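# Commentary on secondary and tertiary structure
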Amino acid sequence: MNTTAQHAVARVATLASDLLVDALPKAPTKSVFQHGFPSTAGIVNLRHGADLGSVILSKSDAELISVTISFSKDILSNLIPHITELSSRPVVLHVAVDDDLSGALLLQSSFPFVLHSASAQQAHDHALLASRLARLEQKAVLHIFHASEFPEHVSEVDATKVKPFLRAERRRSRTSSVLNGSNGIHNLKGHTGNGVANGNGHGSSITPPSPSSPTLSHPETDSPLFDAYESASFDTLSLIRRALPPLTYSGPPRPSTLLCTLGQTSIDSKVLSHLDTVGSLQISLLSPLPASKIRGRIPSSVSHIFVLEQIRQWSTKYTPLFLDIVTAVQVRSPRPIVQAGTIGPYHHSESPSHFQLQKLVYAQVSEHIHIGPKFPTPGPEITHVEVPPQESAYTKILFDLFGERLQLENAPNQLPQYGDVATRPEFALARAQVQVEEREQLVHAVQDALRPDVSISLPKELAVLLGKWLVAKDDDTQSRVLADQIIPLLESIPTLSHIFSLRIHFALPSRWIIGSDAWSYDLGASGFHHLVSSNLNVNLLLLDTIPYTRRDSTPEARVKKDAGLYAMNRGNVFVASVAVYSSYGQVLQALVEAAKYPGPSVVLAYLPYEFSDNVDAGALQVLKETKLAVDAGYWPLYRWDPAKDRDGKDPFSLDSEAIKADLQQFLDRQNHLSQLVRSTPSFASELVGGLGETLKEARKKKAQQAYDELLNSMDGLPLLVLYASDGGTAEKIAKRLAMRGKARGLATRVQSFDSFAFADLVEESHVAFITSTQGQGEPPQNGRDTFKAINAAIARGETPLTSLKYSVFGLGDSHYWPRPEDKHYYNKPGKDLDARLSALGADRFADLGLGDDQDADGPQTGYKVWEPMVWKALGVDTVEVLEAEPEAITNEHIKIASKFLRGTIKEGLEDTSTGALAPSDGQITKFHGIYEQDDRDIRDERKDQGLEPAFGFMIRVRMPGGVCMPEQWLAMDQIADERGNGTFKLTTRQTFQFHGVIKRHLKPSIQAINRALLDTIAACGDVNRNVLCSSMPALKHLHTEMYAFAQQLSERLLPRTTAYHEIWLDKKLVAGDAVKDFEPVYGEFYLPRKFKMAVACPPLNDVDVFANDVGFIAIADKRERLIGFNVTAGGGMGVTHSNKKTYPRLGDVFGFVTVEQAYTIAECILTTQRDNGNPHSQNARLKYTIDRMGLDIFKAEVEKRAGFRFEPARPFTFNSNVDVFGWTDGLNGTKHYTCFIENGRVQDEPGRHFKTGLRQIAQVHKGTFRLTCNQHLIIAEVPNDQVPVIEKLLATYKLDNISHSGLRLASSACVAFPTCGLAMAESERYLPILIDKVEKICEEVGLRNDSIVMRMTGCPNGCARPYVAEVAFVGKSPGVYLMLLGGGYYGQRLNKIYRESVTEPEILAILRPMIKRYALERLEGEHFGDFTIRAGYIAPTTSGKEWYDRSGGEGENHIDTL
């Protein structure tokens, strides 16, 4: 095929290597290899300037590493510190050069093997040879070749043969040399004298040198490295059937002149045929090249040798090749004349002409020889530095904080003026020092000018201003104000020209240098030492980009020093350690304090975006790495201010919350023990003595346990049941199996996979493994370590389980991944485990069992077949079990036993041994508005450290209608800072939600919420939850009445238990400890599942009224007064992936009721669901109850309980469910402003200090705040005279930016990772990133301002109401989503599954042509969801039960789904 040399090399490198690194040139230049890689998977794109040597050395386990380099002196010079280590690693450096070889040849002496390729075919073959050499010899190979623009014919090796070729044993010994012919060429049939098949080479019909020439075989001088080269060359020849000689001769048998060429040009054989006395020797191997090998190629008749190399210039007089040839011919007598020269860059098929060579033959020895084109004159280098976009996280903060005061000493914009030197720390420090010295000169000059004995006459105004400046020169604000006044006055006074020349120093700047962690490797000899010892008022922002998970991959020779400790030991340096993705507020505080400190400051900033494979990480990965590093204490957050020490204060401030919590817990325990010992001295001895008693008791308990196990083993066969389960189903099945085994007389034990050491399996006789499936065929969280241990044992070739008998039962969903290419994910952990246990030597006692969620009874269908096989194999299948099997404990049992929602919550809060509550209490706390969660970003890391998960709690506030006062907003803001994670969420349930509240902060948080006259009772749980109310009705005056209705409705349906007040507010029971609670509405069982209500006002359906269990659509009379509601019932969003028994549903309109009747109807619908819902199935919600009973029967039952019938529904119309942003008119001359808060997250981040801004607004606002169901915020009821104040604050904090795309304004996402325990994929953190990319598609086709409702959730429970969006994505596993299309723009129609599993590239590939077609073909006023149905992409969904019908697209867009 036709291809270029670089693409041929890229292909071989990809096929051959375990790790492929493409070292990128300076931006904006692209890699010459980028289009040659067969696949981009696994390729590491190394940004220009990164430490290539460290990356290679960190991969010590790779069998072969290939590096493709677009030649750059910077890249190769960066390798020099690592050359010694690299030379003994299996590494191939493929270096593509353009015209000049001189730069690449500088490294020739540093590599054991150096190859040069002149053509694309030779580059392809040498790439194979180099890979074989590096892998077999465990040494580095430098392969230099010429990049070209023009494709050449290249015979490429079959891809399937590359790996076997590389791994094959050596086939050739030293005694049978590849180069055994008289010309050193292995003679194969069909091969020419130059060793290239079919004459495809540099000379085809030339007779080789005469036999009288010295032979190549000189054992006394041969090199072992050359032997290795010969062996590998022969092996490569066997694969490609083309010889690869180190030197290729062309020309007459007895030439007098020899041209030794090194370059991309070969001497044409036709040209040589006209010159009887000239021969050509082309060099392909530069190292190792023993003198005897060169001598064997040079005919004895040669008297004059020209060494022609394609180099522009050389730093020394002679090149290595020239010296090698001179050395080789020293023993000749007579000795030939050897003359150096250069050959120009011939391109494509060009070569030296007959006349050029003839002129060369007659050249004088003293002349500088050059043939061919001249090297192009290098133009001025366009200096460019690529600043990684991630670093803007810190640079934006610097610009925001210091504005025009900021003086970045090594700013990229200085490169055109100073060149690359401008980026070096030494330059930046020297520049800062010059500026400081010039400012000192300015101070002295001003002082001199103001001296009374100086003859200069100053205007009085100027003298006064200069005097003030001397006093305020170190004040950043005053010095700038005075500078603006002084400088214009100086211009007109020639005698003060010296001061005027220093005018830029009047204003005090904030000087900063931004450096990398490279300074941390040699603190004493780097610019870092010079800065901290300079005593200059300069600030250094030192970015550390090494990810926490790669912290151990740095070579031992490059140990990073603790720059912070080094600087603190100086005693006069401000030091801070910060992480913007952990604590934004701490970053701000540290930078401000550093700028104020009158001396050198060092701010160590963590930004882990440069991974070992040097692929820039996205913001999500940076966030996760930061959380791991900070939580583990690897990157502590602190500030060290020597100025405080001088004032008698503690200079050190520890800001890491995780470390502070652990430290406080330790100190509290130590202080408690110390106080006890002081008050009761005998306690110390009792405590120590008690340790012995505790040990005795523990031994007794262990002995008893061993005895019981012994008795059990005597009575029955031992059976260990191990489970891996995330959702709990596999765990329940495992415990049930163990219980049934015990009933049959077996000695059963049950544990999770990872709680049982893999090494201990060798001591077990019978083990049953039960595992579910997570994500894309992955094992559950509590089984991954076991899978890793099993895989490692297999990789080592071990078979330790020969005495183990086992059986595996796997749980999965055959429809979860419906595409044919994804079928192997079904039950993958179970299948893999079964096969790998067998590979480790274990024997099956029962065949693999598979449970499928799609079967009639779910996984029980397969389990009922598998369990009898287990009992039969263990010989207990005939045992009669008379005892009744205990009933499984469900949430209903927990609710009944909770004593009206008390459980053991109070006792659990006092347990300081764990950050969690009991599992049963975790179900009850939901009724109190609390969910137990943990930080999933750091779950694995904490597990590896032997720690429990980082438990934290979510608190949701009950706030019907979403209205709060400014004082309440301030209280929520304070709770987030003092008790939560520093942020809070505006939810789709129109309320506040806090995350990261640790257990000991739960009670203070709930109390603080209640002090703000809010609460959390019934914000979650199986009760009526927060009642929604339209935030901005078109009929503005209706909001007051609707809001009052929502509040009253919520109050009427609150649980009546006093448990909430007892546990959280320390209220006592009225009659001692006797529980007198009674639930008139809910009863002791409460509801089967959660229950949601909403109040909407047409034409805006911002609450998505049809998605709620019960909805109230406000109806006004002709005078626009509220007269009642159309009532809907049966809506609900929750679904289980691939389970067709579950589906979303929209509410049906039951009819009209008056306002007073609405309260009764709401209660009657709720109690009908209470009495008829099925709490023991996945179909417990009201939507399933209505479908099961039938709409008419359910409605009749409600009317019966209410005592009246529904009137016919009144007409109404909806036209949108999207918020209206910006200023709108309110009642009584007030105004409302709707702010865009993306996905409802209220926080401060670079460029968007929303949390601070809203706090400032709340401090002056005289109206209310309204939270919208789309997660945005309305600053409501702003008096006209306060509008300018609010507008100024909105602008200051960029809260007035509502010029986002219509797509972004209509988007919504749930929380998902890292806190939600149900999340399967990212949502809140990922949707903005996806919208960035879809936005570009919309803008390309002119749809930037068109609203398209897009929603995303991390799991199928539907918190962000995705099933009524026009386009939606529901998480299935990390990075994989269910894609839905066709929802109604105002929530009137469900969407439908379009694709079962899509990743980001697939999403963009689907949406791009779809959106383009929408822009071209849409009808007037047609929305995107309606268009996807009309255009035939998706079928409309007419009811919830028909949601799965015709899913997967329509017509040519159809793909089979469930």
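Look above for the structure.
Residues numbered from 1 in each chain as written. Predicted model: local features only at pLDDT ≥ 70, side-chain atom pairs only at ≥ 80, totals over all residues. Heavy atoms only, no water.

## Things to note about the packing of helix 44 (residues 1327-1340) against helix 45 (residues 1400-1417)
To characterise two packed helices, one gives the angle between the axes of the helices and the distance between these axes. Applied cut-off: Throughout, an axis means a line fitted to C-alpha atoms (over the contacting stretch in the case of helices), and angles, computed between N-to-C directions, take values from 0 to 180 degrees. Helix and strand definitions follow DSSP, with helices as H or I runs of at least four residues and strands as E runs of at least two, each counted in order from the N terminus. Oblique is the label for any angle not under 35 degrees, not over 145, and not in the 65 to 115 range, which are roughly parallel, roughly antiparallel and roughly perpendicular in turn. Throughout, a crossing is termed right-handed when the near helix is turned clockwise from the far one, and left-handed when it is turned anticlockwise from it by less than a right angle. The criterion used for residue contact is that any of the two residues' heavy atoms lie within 4.5 Å. Under this grouping Gly is polar, as are all residues other than the nonpolar Ala, Val, Leu, Ile, Met, Phe, Trp, Tyr, Cys and Pro and the charged Asp, Glu, Lys and Arg.
Interaxial distance between helix 44 and helix 45 falls to 10 Å at its minimum, and their mutual angle equals 20°. Between helix 44 and helix 45, the angle is such that the two are roughly parallel. Note on packing geometry: the crossing formed by helix 44 with helix 45 is right-handed. Taking contact as the criterion, the partners of Leu1330, Lys1333, Val1334, Ile1337, Cys1338 and Glu1340 in helix 44 are, on helix 45, Glu1400, Ile1403, Leu1404, Leu1407, Arg1408 and Ile1411. Of the residues that constitute the contact of helix 44 with helix 45, the class distribution is eight nonpolar, no polar and four charged.

## Thoughts on the pattern of salt bridges
Definition in use: Salt bridges, as used here, are contacts in which a Lys or Arg side-chain nitrogen is within 4 Å of a carboxyl oxygen on Asp or Glu. Exposed residues in this analysis have more than 50% of their type's maximum accessible area, buried residues have under 20%, and partly exposed residues fall in between, with area computed by a 1.4 Å probe over protein chains only.
Applying the stated criterion to the full structure yields 73 salt bridges. Measuring nitrogen to oxygen at the nearest pair gives 4.0 Å for the salt bridge that ties Glu404 to Arg480. Separated by 76 residues along the polypeptide, Glu404 in the loop between helix 13 (392-402) and strand 16 (406-408) and Arg480 in helix 17 (residues 476-490) bring together distant segments of the chain. On the basis of relative accessible area, Glu404 is assigned to the exposed category, the value being 65%. In this structure, Lys1003 engages Asp1066 in a salt bridge whose closest nitrogen and oxygen atoms are separated by 2.6 Å. With Lys1003 in helix 35 (residues 999-1011) and Asp1066 in the loop between helix 37 (1059-1065) and strand 35 (1093-1096), the pair connects residues that are 63 residues apart, well separated along the chain. Looking at Asp1066, the relative accessible area reads 43%, which means it is partly exposed. One salt-bridge network, held together by shared partners, links Lys624, Lys627, Asp935, Asp937, Glu1322 and Arg1325.

## Digging into the environment of Gly515
Of note, Gly515 is situated in strand 17 (residues 510-516). Distance from Gly515 to Leu604, taken between C-alpha atoms, is 9.7 Å for residues 89 residues apart in sequence. Beyond its immediate chain neighbours, meaning those up to four positions away, Gly515 contacts Leu540, Leu541, Leu542 and Leu543.

## What about the sheet that holds strand 13 (residues 304-309)?
Sheet strands line up and pair through hydrogen bonds in the backbone, either parallel or antiparallel. Where we set the bar: If DSSP finds at least two bridges between two strands, the strands pair.
One open sheet accounts for six strands, arranged 9-11-10-13-14-15; its pairing is mixed. Bordering the open sheet on either side are strand 9 (247-250) and strand 15 (369-371), each of which pairs with just one other strand. Here the strands of the sheet are splayed against their neighbours by 25° on average, with no regard to which way each runs. Of the pairings in the sheet, the one linking strand 14 (residues 337-343) to strand 15 comprises three bridges and is parallel in character. Residue pairing in the sheet places Ile343 in a bridge with Ile371 of strand 15. This element, helix 11 (residues 320-328), spans strand 10 (257-262), strand 11 (278-283), strand 13 and strand 14 of the sheet and lies at about 160° to strand 13.

## Regarding empty space enclosed by the protein
Rule in force here: Within this scheme a cavity is a closed region of a 1 Å grid, computed over the protein atoms alone, that accommodates a 1.4 Å probe without allowing it to escape, whereas a pocket is open but has protein on both sides within 12 Å along at least five of seven lines; lining residues each have an atom within 4 Å of a point. Grid points are joined across faces, edges and corners, and a volume is the space filled by probe spheres set on the points.
Overall, the coordinates contain ten cavities of 30 Å³ or more when judged by the stated rule. Looking at the largest cavity, its volume works out to about 110 Å³. Lys1092, Ala1107, Met1133, Gly1358 and Arg1361 are the residues nearest the centre of the largest cavity, which is lined by 13 residues in total.

## Considering the environment of Val9
Inspection of the secondary structure puts Val9 in helix 1 (residues 5-16). With 134 residues separating them in the primary sequence, Val9 and His143 have C-alpha atoms 9.9 Å apart. Apart from residues lying up to four places away in sequence, Val9 is in contact with Phe33, His94, Ala123, His143 and Phe145.

## A short note on the packing of aromatic side chains
Keep this limit in mind: Note on aromatic pairs: the rings of Phe, Tyr and Trp (six-membered ring only in Trp) are paired at centre separations within 6.5 Å, and the planes decide the class, stacked below 30 degrees, edge-to-face beyond 60, tilted for the rest. The rule for a charge over a ring is simple: NZ of Lys or CZ of Arg within 6 Å of the ring centre, and within 35 degrees of the ring normal.
For the structure shown, the criterion picks out 39 aromatic pairs. Where Phe1112 meets Phe1125, the ring centres are 5.6 Å apart and the plane angle is 75°; that geometry is what we call edge-to-face. With Phe1112 in strand 36 (residues 1110-1116) and Phe1125 in strand 37 (residues 1122-1129), the pair connects residues that are 13 residues apart, well separated along the chain. Exposure class is identical for Phe1112 and Phe1125. Each is buried. Residues Tyr1363 and Trp1443 carry aromatic rings whose centres are separated by 5.5 Å and whose planes lie at 85° to one another, so their mutual orientation is edge-to-face. Note that Tyr1363 is positioned in the loop between strand 47 (1350-1353) and strand 48 (1367-1373) and Trp1443 in the segment after helix 46 (1424-1430), a separation of 80 residues in sequence. By the burial criterion, Tyr1363 is buried, and Trp1443 matches it. The rings of Trp969, Phe984, Phe992, Phe994 and Phe1265 are connected pair by pair, giving a single aromatic cluster. Geometry around Phe165 places Arg132 over its ring, the cationic atom sitting 5.6 Å from the centre. A cation over an aromatic ring shows up here: Arg1210 above the ring of Phe1152, its NZ or CZ 3.9 Å from the ring centre.

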